[in-house]
Amino acid sequence: MNDHNNALIHLEDITKVFLTDEVETHALGGIHFDVRQGEYVSISGPSGCGKSTLLSILGLLDTASSGTYTLNGTSVQNLSAADRARVRNQEIGFIFQAFNLIGDLTVFENVELPLTYREGIGRAERKQRVIEALERVGMAHRLQHYPAQLSGGQQQRVAVARALVGKPAILLADEPTGNLDSRNGEAVMALLDELHRAGSTICMVTHDPRYAEFAQRKIHLFDGRVVDEETLDRLRREEEQRIEQQIAARKPAAADA
Ligand SMILES: Nc1ncnc2c1ncn2[C@@H]1O[C@H](COP(=O)(O)OP(=O)(O)OP(=O)(O)O)[C@@H](O)[C@H]1O
Ligand SMILES: [Mg+2]
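Residues numbered from 1 in each chain as written. Chains lettered and ligands numbered in written order. Predicted model: local features only at pLDDT ≥ 70, side-chain atom pairs only at ≥ 80, totals over all residues.

Asker: What is the right way to read the overall build of the chain from this model?
Answerer: Secondary structure summary: the chain contains eight helices and ten strands in total. For the C-alpha atoms alone, the extent of the chain along its principal axes is close to 75 × 45 × 40 Å. Long-range contacts, defined as pairs at least 24 residues apart, comprise 70% of the intrachain contacts of the chain with a sequence gap of at least 6. (Helix = DSSP H or I, 4+ residues; strand = E, 2+ residues; numbered from the N terminus. Contact = placed C-beta atoms within 7 Å.)

Shown next, in the form of structure tokens:
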């Protein structure tokens, strides 16, 4: 068995091109990348470099333009929409920056929702699993509250419970602390850290270098490609130099004016 067969996620040469009004946006330009069972990986990089696009493809919310994606041993790039939804429901737990809870469902109902799409899980088992998931995030005392009656940090904890309840193979989080103050942000990071220690596989997009430190492995994206830390530093320096040169080139013109 070769190496990538052991990976939970295996991406080979994934590209993504968005076509809008005759404009082509090359969001991802050939991503190769593996995530192993039990790993905690952070993805960072400048705004627009393709982080959310990559996470949406990983989470089967979007499809790649080319390349191959193997998730938990199954090739998933050519699935029908219905099969994709089923695999997503079973294998993926998604945590969004804006929490994305449903406003007219209670905490209990929000967390229960992903299980209602599964066959073979009866009402009693659903209830038990929902309460278990909410206990793990410290929110079992708010079962009948609605999202609007919770603080941002509490809403995100409920969203983490919703992501966990189906016992997914991997948790994907896109800027999970982006809408939180630092105290609540740190609480959510501590929660993800705890889940990782208990065995969860996590892939998290973050802008914040302090939060990226929680991960075992840090992936850097630049212009739709994975780059190592040295390359990232060089690209950053080159960009700074370009900006300095542009400013320097403008100076004489400014003096003339
Ligand atoms: N639906 C879409 N249609 C057209 N272009 C898109 C679409 N979604 C993303 N893009 C483009 O793809 C590129 C990558 O976007 P993406 O949202 O992945 O960036 P990001 O790294 O998550 O940025 P941020 O840190 O600001 O969230 C951007 O240039 C963006 O404009
Ligand atoms: Mg983004």
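Asker: Where do I start with the site of ligand 1 in this structure?
Answerer: The immediate surroundings of ligand 1 are formed by Phe18, Thr20, Thr25, Ala27, Ser47, Gly48, Cys49, Gly50, Lys51, Ser52 and Thr53. Among the secondary structure elements, those contributing two or more residues to the shell around ligand 1 are strand S1 (7-20), strand S2 (23-36) and helix H1 (51-58). It is H1 that provides the largest number of residues to the shell around ligand 1, a total of three residues. Partitioning the shell around ligand 1 into residue classes produces three nonpolar, seven polar and one charged. (Near = placed C-beta within 6 Å. Nonpolar A, V, L, I, M, F, W, Y, C, P; charged D, E, K, R; others polar.)

Asker: Mind showing me how you'd approach the nonpolar core here?
Answerer: By size, the foremost hydrophobic cluster in this structure holds 59 residues, and its most contacted members are Val111, Ala161, Leu172 and Cys203. With six residues, helix H5 (residues 152-164) is the largest single contributor of residues to this core. With sequence-adjacent residues up to four places away left out, Val111 is seen in contact with Val130, Ala133, Leu134, Val158, Ala161, Arg162 and Val165. (Core = buried A, V, L, I, M, F, W, Y, C linked by C-beta atoms within 7 Å. Buried ≥ 20, exposed ≤ 12 C-beta atoms within 10 Å, placed from the backbone.)

Asker: Is there a simple way to explain the sheet that holds strand S4 (residues 66-71) in this structure?
Answerer: Hydrogen bonds along the backbone pair up the strands of a sheet, which may run parallel or antiparallel. Judged by pairing direction, the sheet is antiparallel, and its four strands sit side by side in the order S2-S1-S4-S5 without closing on themselves. Looking at which strands have only one partner, the edges of the open sheet turn out to be S2 and strand S5 (74-75). With five bridges connecting them, S1 and S4 associate as antiparallel partners. Bridge assignment links Ile9 to a residue of S4, and that residue is Leu71. (Pairing = 2+ DSSP bridges.)

Asker: Any chance you could explain the sheet that holds strand S3 (residues 40-44) here in plain terms?
Answerer: Judged by pairing direction, the sheet is mixed, and its six strands sit side by side in the order S6-S7-S8-S3-S9-S10 without closing on themselves. Looking at strand neighbours, the two that pair on one side only are strand S6 (92-95) and strand S10 (225-227), the edges of this open sheet. With direction set aside, neighbouring strand axes in the sheet form an average angle of 25 degrees. (Axes fitted to C-alpha atoms, helices over the stretch in contact; angles between N-to-C directions.)

Asker: I would appreciate a short explanation of the pairing of strand S8 (residues 202-205) in the present structure.
Answerer: Remember that side chains alternate between the two faces of the sheet whenever the strand is regular. Because side chains alternate across S8, one face comprises the buried residues Ile202 and Met204, and the other comprises Cys203 and Val205, equally buried. Relative to S8, S3 runs parallel, the two sharing four bridges. Paired with Ile43 across the two strands is Val205, which belongs to S8. Bridge analysis of strand S7 (residues 170-174) against S8 gives four bridges, and the strand direction is parallel. Directly across from Leu172, in S8, lies its bridge partner Cys203. Once you follow S7 into helix H6 (residues 182-197) and on to S8, the crossover reads as right-handed. (Right-handed = clockwise from strand over helix to strand, strands pointing away.)

Asker: Help me understand unusual backbone geometry, please; the structure alone is not making it clear to me.
Answerer: Excluding glycine, residues mostly have negative phi values, and the peptide bonds linking residues are mostly trans. The phi dihedral of Leu60 is positive, around 60 degrees, even though this residue is not glycine. On the secondary structure map, Leu60 appears in the loop between H1 and S4. We note that Lys167 has phi near 50 degrees; this positive angle belongs to a residue other than glycine. Its place among the elements puts Lys167 in the loop between H5 and S7.

Asker: Can you walk me through H5 in this structure?
Answerer: For an α-helix, the turn length of 3.6 residues means that residues three or four places apart are oriented alike. In this model, H5 (13 residues) spans 18 Å end to end at C-alpha, consistent with the 18 Å of a helix rising 1.5 Å per residue. Across the 13 residues of H5, eleven count as buried, placing the element largely inside the fold. Among all positions in H5, only Gln154, Gln155, Gln156, Arg157, Val158, Ala159, Val160, Ala161, Arg162, Ala163 and Leu164 are buried. Next to the buried residues of H5 lie S6, helix H3 (107-116), helix H4 (123-136), S7 and H6. (Expected span 1.5 Å × (residues − 1).)

Asker: Any chance you could explain H6 here in plain terms?
Answerer: Over its 16 residues, H6 runs 22 Å from end to end, which matches the ideal 22 Å to within 8%, given 1.5 Å per residue. Taken as a whole, H6 has its buried residues at Gly185, Val188, Met189, Leu192 and Leu195. Each buried residue of H6 sits inside an arc of 120 degrees when the element is viewed along its axis, so together they form one side. In H6, the exposed positions that point more than 90 degrees away from the buried face belong to Arg183, Ala190, Glu194 and Arg197. As for H6, its buried residues are in contact with H5, S7, S8 and helix H7 (209-212). Looking at the residues trailing H6, positive phi occurs at Gly199, about 115 degrees. (Arc of directions from axis to C-beta.)

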